[in-house]
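A structural walkthrough
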Amino acid sequence: MKIHQLLKGFMVLAGALSINLVHAQNYPSAKTISLIVPYPAGGPSDFFARKVQPDAAAKLGQTMIIENVGGAGGAIGMGKVINAPADGYTLSLGSPMELVLAPMAIQGVKYKSEDFKLVAQFATTNTVLAVRNTLNVKTVDELLALARKNTEKPLSYGSVGPGSLYHLIGEKFSQLTKVQMLHVPYKGIAPLLSDLMGGQIDMAFLPLAGSIPATLADGKIQGLAVTSKTPHQLFKQYPAMAAMKGLESMDFDIWAGVQVHKNTPENVVNALNKAFYASAEAPETRKALESSGNVVLPPRTPAELSRIYQNEIERYRAIAKSINLQPQ
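Residues numbered from 1 in each chain as written. Predicted model: local features only at pLDDT ≥ 70, side-chain atom pairs only at ≥ 80, totals over all residues. Heavy atoms only, no water.

Scanning the protein for helices and strands turns up eleven helices and ten strands. Since a compact globule built from 328 residues should have a radius of gyration of about 20 Å, the 21 Å found for the protein is in line with a globular shape. Referenced to the eigenvectors of the C-alpha coordinate spread, the extents of the protein come out at roughly 80 × 50 × 35 Å. By the burial criterion, 53% of the 328 residues in the protein qualify as buried. Surface accessibility of the protein: about 14900 Å² in total, with carbon and sulfur atoms responsible for 54%. Counting 31 positive and 24 negative side-chain charges, the protein places the centres of these two groups 4 Å from one another. (Helix = DSSP H or I, 4+ residues; strand = E, 2+ residues; numbered from the N terminus. Rg over C-alpha atoms; globule rule 2.2 N^0.38 Å. Buried < 20%, exposed > 50% of the residue type's maximum accessible area, 1.4 Å probe, protein only. Areas by Shrake-Rupley, 256 points an atom, 1.4 Å probe, with all protein chains shown as cover. Lys, Arg positive; Asp, Glu negative; His and termini not counted. Charge placed at Lys NZ, Arg CZ, Asp CG, Glu CD.)

This is the structure in structure tokens:
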């Protein structure tokens, strides 16, 4: 290659870097921010996004739209974030399921957990074991008795895809109880919940967030227990599964937060961090999150979130290893 061609290439690269630096310094400029929800509308992730988006957009002084991009256990939506420029205009409303578990469980996933940076972690909740009403069971013991009686037809349980936390919890439950179950994957909580209410599947582990508490309260599905060591403070009618003999390791929670590409500039990360935590702390938003079963987490700096995220990666990888999760 000739010298002038090399110089031309370097000049183009330097120009691109200069433009990116200007954009980062002026963040956010007159450009729409996309908040990717990696599931169809109507599920808990969508609920979180629609609660925090208005105040976060107002704080940033910029238009922010929500994009529902479902499929592959949330991996398709997260892939869209990774493939977009690392400029803070394409974000994800994600959880450990898409960030940590999907890359381990789905062969076609091209990103790694470490490709993302956590800019806000604002709520956490437990999951509840729920069954279709026509199953006619009220307790975990009754469910297990039914499952052991009908060995020729295993009970089915739904999840939002292979490698999702709800899949792992189901497999852990099957492993601990020595009860065979049929896994039925869905693209999101909304279609899963529809089939559970309609009796197409027998059971599911669901997050106590979004529309799930109201669905339980309306009697459309039957809750049996929560995956924790103590009952949930807002749903004390459900016993703690991890307090039951033989199920002590059934202690799972799940958090929701906002992520960006790991190469996003520091000042952009700081701006997003402040905006989303301000949104979560807003009285109406906080009330909406807490009344639906979530514990709102205190604001944390990007440096603190970096340490938390690394710990969460290690935690969920250990859970996957405990059930010998294999890529599909």
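Attention now goes to the side chain of Thr285. With respect to the helices and strands, the residue Thr285 is situated in helix α10 (residues 283–291). Taking relative accessible area as the criterion, Thr285 reaches 6% and is therefore assigned buried. One polar contact links Thr285 to Asp55, side chain to side chain, over a distance of 3.2 Å. Beyond its immediate chain neighbours, meaning those up to four positions away, Thr285 contacts Lys51, Val52, Asp55, Ser279 and Ala280. (Polar contact = N/O pair within 3.5 Å; in protein donor to acceptor, adjacent residues only side chain to side chain. Contact = heavy atoms within 4.5 Å.)

Turning our eyes to something else, we now look at the pattern of salt bridges. Two side chains with opposite charge may pair up if their charged atoms get near one another. Counted according to the given criterion, the structure contains eleven salt bridges. Between Lys80 and Glu67 there is a salt bridge whose closest N-O contact spans 2.6 Å. Of this pair, Lys80 sits in helix α3 (residues 75–83) while Glu67 sits in strand β2 (residues 64–68), and the two are 13 residues apart along the sequence. Of the charged contacts, one joins Arg132 and Asp202 as a salt bridge, the two residues approaching to 2.7 Å between their closest N and O atoms. With Arg132 in the loop between β4 (116–131) and α5 (140–149) and Asp202 in the loop between α7 (189–198) and β7 (203–207), this residue pair connects regions lying 70 residues apart in the sequence. Like Asp202, Arg132 is buried. (Salt bridge = Lys/Arg side-chain N within 4 Å of Asp/Glu carboxyl O.)

What follows is about the packing of aromatic side chains. Two aromatic rings, taken as a pair, are described by how far apart their centres are and by the angle between their planes. Evaluation of the coordinates by the stated rule reveals five aromatic pairs. A centroid spacing of 5.0 Å and a plane angle of 65° characterise the contact between Tyr27 and Tyr89, whose relative ring orientation is edge-to-face. Of this pair, Tyr27 sits in the loop between α1 (3–25) and β1 (33–37) while Tyr89 sits in the loop between α3 and β3 (90–94), and the two are 62 residues apart along the sequence. Accessibility expressed as a relative area gives 10% for Tyr27, which makes it buried. Consider the rings of Tyr111 and Phe116, whose centres lie 5.3 Å apart with planes at 90°: the pair is edge-to-face. For Phe116, a relative accessible area of 4% corresponds to the buried category. Of the aromatic side chains, those joined through ring pairs into one cluster are Phe47, Phe48 and Phe122. (Phe/Tyr/Trp six-rings, centres within 6.5 Å; stacked < 30°, edge-to-face > 60°.)

Time to look at the side chain of Ser292. Structurally, Ser292 can be placed in the loop between α10 and β10 (295–296). Only 3.3 Å separates the side chain of Ser292 from the backbone oxygen of Ala288, close enough to count as a polar contact. Within the structure, Ser292 has its side chain in polar contact with the side chain of Asn294 (distance 2.9 Å). In this view, Ser292 contacts Phe47, Leu208, Ala209, Gly210 and Pro213; residues no more than four positions away in its chain are not counted.

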